[in-house]
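# Understanding the architecture of this molecule
For reference, the chains in residue letters:
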Amino acid sequence: AVWSDLNAFGEHVAKEIDIWGRECELNPPRLVHFDPWGQRVDHIVTSAAWKRLKDLSAQEGLVAIGYEKSFGEWSRVYQMSKLYIFSPSSGLYTCPLAMTDGAAKVIQVMEEAYGRLTSRQPERFWTSGQWMTERQGGSDVGTGTEMVAIPQTDGSYKLHGFKWFTSATDADMTLTLARGSRGLSLFYAEVSRGEDGRLWGIEVQRLKDKLGTRQMPTAELLLDGLPAYRLSEEGRGVASIANMLTITRIHNSVSAAAAMRRVVQLARDYATRRTAFGKLLKDHPLHMQTLARMETRAAFLLVMDVCRLLGREESGLASQLDVHLLRLLTPVVKLYTGKQAVAVVSEGLESFGGQGYIEDTGLPGILRDAQVLSIWEGTTNVLSLDVLRCVARSSGMVLHAYFTHIKALLAGASGVSSLAPAVKAVGDALSELEQFVQIAASRSPSYLELAARDLVYSLARIYAGALLIDHASWKDASSHDKHAALRWCEQELCLVASKQKRGCYDSSTASLDAALVFDQLIQD
């Protein structure tokens, strides 16, 4: 049933939906502040294709599949596989879908809203925004939120303040953080208009002029008495969005893997058509080596393994090891695939030569949109520190689960002689990582903080290597699967161990880094 649906959906994407996505890029949203009679209306006008994509998302169950759970623990893998096919052609509609999915995860107790967010009926389906960022910006919402929530006699609230960056501003509802008498709480608000056509409690100040993701409306909003309902316990707003972040970070990872796959497919096809220096690009070994190094199997397996773990957790089938792995790997995979996507898509554009730089090919838009993947829902540094917190809060149990699972995967491939070099490479890297963890445990917190990025890169590369080996050990694996595993494991897998040996995280490093960065300023 799943195979049939994915095939039919893929045909629909290729023949029709891809055109809609391109239309969204060419006709970005615009803001109309006033109607012809001078009445303020703040209408965000989007293209017809954007509206069709919303209807399609409902009909295809792009959110609903994850909650219907028709396929039990595999429902999330099914849903995210469908989004993987959809994402590069979606005109960025996957972004509001990510926030809709995250909102549905949080507000299941609110039956009406939850039913709309997970509906397959276009006329009933709602999308959700995510209005968290204020003037100070950044991921530190705990100290950067000034929005206030005024309690009302009926138990509701009214929100007052300025939101500097609101994603999917044309959504039907939103989740947002605001301050009450006991600190920061999470609130639910619907976006609606009065009989005079004006938005209730909202003024749209302007649309953001962004590098990419131009298809989706993102705006600055002044909230002046927006009716809202508190979802979290008072003062527990940041803690209450943890489940939402898990979902949106996984969506981000799916989009990253999909963007990489799209540009590799395009580059591969171009290599069979473009002639240079007397032969097709595909007949130039160096060009083929370049495209092979862009191979996306590792990213895909990383993403889908996290989806598998999410599905097990939501179905009540997760072991303690699964729970620990999901908590650790969600930020790891989001971070790594986001950084990978920018590099791979950039290389992909280069493979087209000058045509990769020309707007009407549609290629530059892929790179612009890829850049957001390492920024949204936590930059590389923010997520690296999140991984350290995850390790600390679990008293190291997430790392124990990580080591245990990888050793089990390697044991399963021990009898496949053709994979022996890859198995040895991952095994050696895992031992180096264990040694690093033991040494770092005895050092100051600043030592681990300096190592955080390299640690997360190492966690991702080693885990991806183990998944590639596991996949290549499968009875139906191809010779290409084996070669992909071997090729991946040729690189330096445990970056953090080699840098540790060179003293890159020693106490003097931070001051030397600062001096290097500000050296020119001092000279000036």
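Residues numbered from 1 in each chain as written. Predicted model: local features only at pLDDT ≥ 70, side-chain atom pairs only at ≥ 80, totals over all residues. Heavy atoms only, no water.

Residue position: Ser374 is located in the loop between α13 (363–371) and α14 (380–393). Of note is the side chain of Ser374, whose polar atom sits 3.4 Å from the backbone oxygen of Gln371. (Helix = DSSP H or I, 4+ residues; strand = E, 2+ residues; numbered from the N terminus. Polar contact = N/O pair within 3.5 Å; in protein donor to acceptor, adjacent residues only side chain to side chain.)

Here the UniProt feature "domain: Acyl-CoA dehydrogenase/oxidase C-terminal" (unreviewed entry) sits at residues 235–389. Within the segment residues 235–389, helix and strand shares are 72% and 3% respectively, and the terminal C-alpha atoms sit 20 Å apart. (UniProt positions renumbered as here; feature names shortened; annotations may be inferred.)

Our focus in this paragraph is the UniProt feature "domain: Acyl-CoA dehydrogenase 11-like C-terminal" (unreviewed entry) in the protein chain. Mapped onto the present numbering, the UniProt feature "domain: Acyl-CoA dehydrogenase 11-like C-terminal" (unreviewed entry) falls on residues 397–518. For residues 397–518, the end-to-end C-alpha separation is 39 Å, with 75% helix and 0% strand making up the annotated structure.

Enumeration over the complete set of coordinates arrives at 13 aromatic pairs. Residues Tyr67 and Tyr114 carry aromatic rings whose centres are separated by 5.8 Å and whose planes lie at 85° to one another, so their mutual orientation is edge-to-face. One end of the pair, Tyr67, is in helix α3 (residues 64–68); the other, Tyr114, is in helix α6 (residues 111–117), and 47 residues separate them in sequence. Like Tyr67, the residue Tyr114 is buried in the burial classification. A centroid spacing of 6.4 Å and a plane angle of 75° characterise the contact between Phe436 and Tyr505, whose relative ring orientation is edge-to-face. Of this pair, Phe436 sits in helix α16 (residues 420–440) while Tyr505 sits in the loop between α19 (495–501) and α20 (509–523); the two residues are 69 residues apart in sequence, bridging distant segments of the chain. Accessibility expressed as a relative area gives 1% for Phe436, which makes it buried. (Phe/Tyr/Trp six-rings, centres within 6.5 Å; stacked < 30°, edge-to-face > 60°. Buried < 20%, exposed > 50% of the residue type's maximum accessible area, 1.4 Å probe, protein only.)

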